[in-house]
Amino acid sequence: GTLATTKLLAQYLNLNNEIKIKHHPRLFSLFFSRTSIKFNLNFTPSLLQIKNNSRKDCFSADLRPGNKIITDSIIDRFPFLRPFKKIINFFRHRIIFSNILLDSKESDIYLRKTGDYFKIYSKNTNIKKILKKKNKEIYKFLKSKKIIFPFFSTLYPGVGADYHYFGSIPFNNKKKLSVNNKCKLKGVNQIYIVDGSVFDFKTNKYPLGIIMANARRIGKYLAKS
């Protein structure tokens, strides 16, 4: 909802300035396990999460075993692999899928109103290079523990293909597009924002629970008002 909310409010407030959309840039990787990983679910939770919580260099890698959803996604992305679907699924218990997410400080999505339309764009930073460097760190760690074979494959889906958008309408900011501690839009009565727009998830890469808790908090507040 962050992009839709930001567009609606920018139009309502007649804002033409550039608005930064926070997100967690992502890289997909496939590692190949030395042992077969058996499971009975089509979609499985992560086997392992590797995090670097240094304030200067915060990133995480969520590693999951290969499953039908993942192998189908690979084939959809690379249709030339369709004839090899049975072979891919035969080896899927050897696949470890890695989802690497960077800190929100690496965000590179911007929104600007131009006439009657909104333009969403990036500024071509070195995100892909940064992600691949982090992926090599994960690879070296897994290899040193003899968990994987010494090769891997990566896919960079592009800027904005991470689906985690937030931080465009921050708390207690001096800008017009901000909210107070009760999530009320600055200078506007009766408009409250309760989606991811109001947060900056710097280290938390899985923010749904916080968004839901905040929405409940504001709902209780409004019910008593």
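An account of the accompanying structure is given in this report. (Residues numbered from 1 in each chain as written. Predicted model: local features only at pLDDT ≥ 70, side-chain atom pairs only at ≥ 80, totals over all residues. Heavy atoms only, no water.)

### Observations regarding unusual backbone geometry
Thinking step 1. Notably, Asn14 is not glycine yet its phi reads approximately 55°, a positive angle.
Thinking step 2. Relative to the helices and strands, Asn14 is located in the loop between α1 (2-12) and β1 (19-23).
Thinking step 3. Among the residues examined, Asn14 registers a relative accessible area of 53% and is labelled exposed.
Thinking step 4. At Asn172, a residue that is not glycine, the phi angle is positive and equals roughly 45°.
Thinking step 5. You can see Asn172 is positioned in the loop between β9 (165-166) and α5 (208-224).
Thinking step 6. A relative accessible area of 52% means that Asn172 is categorised as exposed. (Helix = DSSP H or I, 4+ residues; strand = E, 2+ residues; numbered from the N terminus. Buried < 20%, exposed > 50% of the residue type's maximum accessible area, 1.4 Å probe, protein only.)

### Thoughts on the packing of aromatic side chains
Thinking step 1. If you walk through the whole model with that rule in mind, you get 13 aromatic pairs.
Thinking step 2. Taking 5.2 Å as the distance between ring centres and 35° as the angle between the ring planes, the aromatic pair formed by Phe32 and Phe151 counts as tilted. One end of the pair, Phe32, is in strand β2 (residues 26-33); the other, Phe151, is in strand β8 (residues 148-155), and 119 residues separate them in sequence.
Thinking step 3. On the basis of relative accessibility, which here comes to 43%, the residue Phe151 falls in the partly exposed class.
Thinking step 4. Ring centres 6.0 Å apart and planes at 65° place the aromatic pair Phe78 and Phe80 in the edge-to-face group.
Thinking step 5. Classification of Phe80 as exposed rests on a relative accessible area of 58%.
Thinking step 6. Three or more aromatic residues joined by ring pairs make a cluster, and in this case those are Phe166, Phe171, Phe199 and Phe201.
Thinking step 7. Over the ring of Phe78 we find Arg77, and its NZ or CZ is 5.0 Å from the ring centre.
Thinking step 8. Positioned above the aromatic ring of Tyr121, the side-chain terminus of Lys119 is 5.3 Å from the ring centre. (Phe/Tyr/Trp six-rings, centres within 6.5 Å; stacked < 30°, edge-to-face > 60°. Lys NZ or Arg CZ within 6 Å of the ring centre and 35° of its normal.)

### Considerations on the side chain of Thr5
Thinking step 1. Mapped onto the elements, Thr5 comes out in helix α1.
Thinking step 2. Here Thr5 falls in the buried class, since its relative accessible area comes to 16%.
Thinking step 3. Apart from residues no more than four positions distant in its own chain, Thr5 is found in contact with Ile169, Ile193, Asp195 and Ser197. (Contact = heavy atoms within 4.5 Å.)

### Topic: the nonpolar core
Thinking step 1. Core analysis: the biggest nonpolar cluster contains 21 residues, and Leu9, Leu13, Ile169, Leu177, Leu185, Ile193 and Val198 have the highest contact counts within it.
Thinking step 2. Elements with a contribution of two residues or more to this core: α1, β1, β6 (109-114) and α5.
Thinking step 3. Counting 17 residues, the second-largest nonpolar core is a separate cluster that includes Phe59, Leu131, Leu142 and Ile148. (Core = buried A, V, L, I, M, F, W, Y, C linked by side-chain atoms within 4.5 Å.)

### Some points on the sheet that holds strand β3 (residues 48-54)
Across a sheet, strands are paired by hydrogen bonds formed along the backbone, either parallel or antiparallel in direction.
Thinking step 1. One open sheet accounts for five strands, arranged β3-β4-β5-β2-β8; its pairing is antiparallel. Taken across any chain shown, the strands that pair with only one partner, and hence form the sheet edges, are β3 and β8. With strand direction ignored, the average angle separating the axes of adjacent strands in the sheet is 20°.
Thinking step 2. Strand contacts of helix α4 (residues 127-144): β2, β3, β4 (57-65), β5 (95-102) and β8, with the helix running at about 160° to β8, the strand carrying the most contacts. (Pairing = 2+ DSSP bridges. Axes fitted to C-alpha atoms, helices over the stretch in contact; angles between N-to-C directions.)

### Quick word on α4
Thinking step 1. Given a rise of 1.5 Å per residue, 18 residues ought to cover 26 Å, and the 26 Å separating the end C-alpha atoms of α4 matches this to within 8%.
Thinking step 2. Of all the residues in α4, the buried ones are Ile127, Leu131, Lys134, Asn135, Ile138, Tyr139 and Leu142. All buried residues of α4 project into a common sector of 150° when viewed along the axis, lining one side. Exposed side chains of α4 directed beyond 90 degrees from the buried face belong to Lys129, Lys133, Lys140 and Ser144.
Thinking step 3. Residues of α4 that are buried sit in contact with β2, β3, β4, β5 and β8. (Expected span 1.5 Å × (residues − 1). Arc of directions from axis to C-beta.)

### Details of helix α2 (residues 68-77)
Thinking step 1. Those residues of α2 that sit buried are Ile70, Thr71, Ile74 and Ile75. Projection of α2 onto a plane perpendicular to its axis shows the buried side chains occupying an angular sector of 135°, all on one side.
Thinking step 2. Looking at the packing, one finds that the buried side of α2 touches β2, β4, α3 (85-90) and β5.
Thinking step 3. Between the side-chain oxygen at the start of α2 and the backbone nitrogen of Ile69 there is a gap of 3.1 Å, and the oxygen is on Asn67. (Polar contact = N/O pair within 3.5 Å; in protein donor to acceptor, adjacent residues only side chain to side chain.)

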